Amino acid sequence: MMHIAVMMLGLTYVAVQSTNSYKSTRPNFVLIMVDDLGVGDLGCFGNSTMRTPNIDRLANEGITLTQHIAAAPLCTPSRAAFMTGRYPVRSGMASLSKMGVYIFSAASGGLPADEVTFAKLLKKEGYSTGLIGKWHLGLNCNNRDDFCHHPLNHGFDYFYGLSMTNLKDCKPGHGSVFLNGLSNEVKGPLQIIGTALIALGILHVVGLIKVPWKVLVFYTALVAVILLGLGFVFFSSFRHFNCFIMRNHKVVQQPLSYEDLTQRLTDEAVHFMERNLENPFLLFLSHVHVHTALHVSKSFRGKSKHGLYGDAVEEVDWSVGCTSVPEKMDFQVAKLETYTVAQHKDFYKGFELSTKRFTRKVEL
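Everything quoted here is computed from the prediction, not taken from an experiment.

## Some details on unusual backbone geometry
- A cis geometry characterises the amide bond from Gln 254 onward to Pro 255, with omega recorded as 0°.
- With respect to the element layout, Pro 255 can be found in the loop between strand S6 (250–253) and helix H7 (261–275).
- Along the chain, Thr 292 connects to Ala 293 via a cis peptide bond; the corresponding omega equals 15°.
- Here Ala 293 lies in the loop between strand S7 (281–286) and helix H8 (307–323).
- For Phe 147, which is not glycine, the phi dihedral falls at a positive 50°.
- Along the chain, Phe 147 turns up in the loop between strand S3 (128–134) and strand S4 (158–162).
- One non-glycine residue with positive phi stands out, namely Asn 248, at about 55°.

Set out below in structure tokens:
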């Protein structure tokens, strides 16, 4: 699993303060999270070869925060902290295991229902709340449709996206995150089995015990077939059962297709804002980009100077432009506050993350 540092803004405090300060004209909130984005990959932080004009605009017209300590270097615990403003260990979302995050949709764990998220706070204040994109904080508890850890159980009125995360295993041809771990876990048992078979063979040759060669070959072949069979079933079924898109409680695409995924998420985000023109709203757009498996829409493929990764970053910038320009919608004197959070892998390099706040009035 890739190391990820996430910016924890203390948004619960921001949300409460904002709603209290703007009783008459409550602001709309757009939170944009980018998964695994390096701080040095943005123009506003000095990159001269990556085109990110929309993100740069937010930085230039708002505030950039360059120093922060992340709550965790992995997706699940850092997102728990982001949603609640609390250390993930306090909500049971920190782990000492090698994995440290949720990998299987059938896992029974997740963000406890009694945790207070910034979405719950704003919903109590009359806000429409929507989450578009990646969740990765659990799904069910006891059966496949109790949805106890679902975003709709944590203050969101609307959800469209991935309940889990984006993995190499979700995109055919991009390898697997499990190979290294499985090789380490299987190595010990295989060595024991191999040593036992060799010992039996030696003992048979020297005459200490008599083991029919057919029996020895049979059991060796049986072990190999069982291991290969289990591996085939696991890798062939993982994508179908763990990589899917939901709209609220309904699975709408299984397995997940990466074709125009970012554009679909962006369209959902824009439509959510359009549906809530008359109400104050919170939109949390949690991008699947730029975490591996890397993907990009056709219109952005091959356009950057940095290969597929650069294409993905520039597609994210396009999405930011679509969701942070209220002139395209009839907001009247609405106030849009946008926070973009860049998650990146430089966990051991000082947690230098980019966060922009952009506030503007638009009169039509």
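## Topic: the layout of surface pockets
- Size it by volume and the second largest pocket reaches roughly 430 Å³.
- What lines the second largest pocket is a set of 18 residues, among which Ser 105, Leu 139, Asn 140, Arg 144 and Phe 244 lie closest to the centre.
- Elements supplying a minimum of two residues to the lining of the second largest pocket: helix H6 (213–242) and S6.
- Residues of the lining of the second largest pocket, tallied by class, amount to 9 nonpolar, 7 polar and 2 charged.

## A look at the state of the cysteines
- On inspection of all chains with the given rule, the structure shows 2 disulfides.
- The disulfide bridge from Cys 170 ends at Cys 243, spanning 2.0 Å between sulfur atoms. Disulfide Cys 170-Cys 243: torsion about the S-S bond near -70°, hence left-handed. Highlighted residues: Cys 170 in the loop between S4 and helix H5 (179–206) and Cys 243 in the loop between H6 and strand S5 (245–247), separated in sequence by 73 residues.

## Let's talk about the nonpolar core
- Ranked by size, the top nonpolar core spans 41 residues in total, and within it Ile 132, Leu 256, Leu 261, Leu 265, Leu 283 and Val 290 carry the most contacts.
- In terms of residue count, the dominant contributor to this core is H7 (6 residues).

## Details of H7
- Compared with the 21 Å implied by 1.5 Å per residue over 15 residues, the 21 Å span of H7 between its first and last C-alpha is a close match.
- Those residues of H7 lying buried are Leu 261, Thr 262, Leu 265, Thr 266, Glu 268, Ala 269, Val 270, Phe 272 and Met 273.
- Contact partners of the buried residues in H7: strand S1 (28–34), S3, S4, S5, S7 and H8.

## Remarks on the side chain of Asn 140
- Along the chain, Asn 140 falls in the loop between S3 and S4.
- Relative accessible area serves as the criterion here: at 8%, Asn 140 is assigned to the buried category.
- Within polar-contact distance, the side chain of Asn 140 engages the backbone oxygen of Arg 144 at 3.0 Å.
- Of the polar contacts made by the side chain of Asn 140, one reaches the backbone nitrogen of Phe 147; its length is 2.9 Å.

## Focus on the pattern of salt bridges
- Evaluation of the coordinates by the stated rule reveals 7 salt bridges.
- With its nearest N and O atoms 2.8 Å apart, the salt bridge here joins Glu 314 to Arg 51. Here Glu 314 is found in helix H8, whereas its partner Arg 51 is found in the loop between S1 and helix H2 (53–61), with 263 residues between them in sequence.
- As a salt-bridge pair, Arg 86 and Glu 115 come within 2.7 Å of each other at their nearest N and O atoms. With Arg 86 in the loop between helix H3 (75–84) and helix H4 (118–124) and Glu 115 in the loop between H3 and H4, this residue pair connects regions lying 29 residues apart in the sequence.
- Relative accessible area serves as the criterion here: at 33%, Arg 86 is assigned to the partly exposed category.
- Among the ionic contacts, a cluster of salt bridges with common partners joins Asp 35, Arg 79 and Lys 134.

## Side note on H6
- Over its 30 residues, H6 runs 43 Å from end to end, which matches the ideal 44 Å to within 8%, given 1.5 Å per residue.
- The largest bend in H6 amounts to roughly 30° and is located at Ser 236.

Calculation criteria
Here the residue index of a chain counts from 1 through its sequence in written order. Whole-chain, interface and lining totals are the exception, using all residues; otherwise, since this is a predicted model, local features are given only for residues with pLDDT of at least 70 and side-chain atom pairs are given and counted only at 80 or more. Derived side-chain values reflect all non-hydrogen atoms in the structure, with water molecules and hydrogen atoms excluded from consideration. For helices the rule is a DSSP run of H or I covering at least 4 residues; for strands it is a run of E covering at least 2, with both sets numbered from the N terminus onward. Points on a 1 Å grid over protein atoms alone make up a cavity when a 1.4 Å probe fits among them but cannot get out, and a pocket when they form an open set with protein on both sides within 12 Å along at least five of seven lines; lining residues each have an atom within 4 Å of a point. Grid points are joined across faces, edges and corners, and a volume is the space filled by probe spheres set on the points. In the scheme used here, Gly and all other residues not listed as nonpolar or charged are polar, with Ala, Val, Leu, Ile, Met, Phe, Trp, Tyr, Cys and Pro taken as nonpolar and Asp, Glu, Lys and Arg as charged. Whenever a pair of cysteine sulfur atoms sits within 2.5 Å, that pair is classed as a disulfide. Only buried residues count toward a nonpolar core, which is a set of Ala, Val, Leu, Ile, Met, Phe, Trp, Tyr and Cys residues joined through side-chain atoms within 4.5 Å. Note on classification: 1.4 Å probe, protein chains only; a residue is buried when its accessible area is under 20% of the maximum for its type, exposed when over 50%, partly exposed between these limits. A helix's residues, less one, multiplied by 1.5 Å, set its expected span. Note on contacts: a residue pair is in contact if any heavy atoms of the two residues lie within 4.5 Å. The definition of a polar contact used here is a pair of N or O atoms within 3.5 Å, where within protein one atom must be able to donate a hydrogen and the other to accept one, and adjacent residues in sequence count solely through side-chain atom pairs. Throughout this description, the term salt bridge denotes a Lys or Arg side-chain nitrogen within 4 Å of a carboxyl oxygen of Asp or Glu. Note on bend: at a given residue it equals the angle between the axes fitted to the 7 residues ending there and to the 7 starting there.

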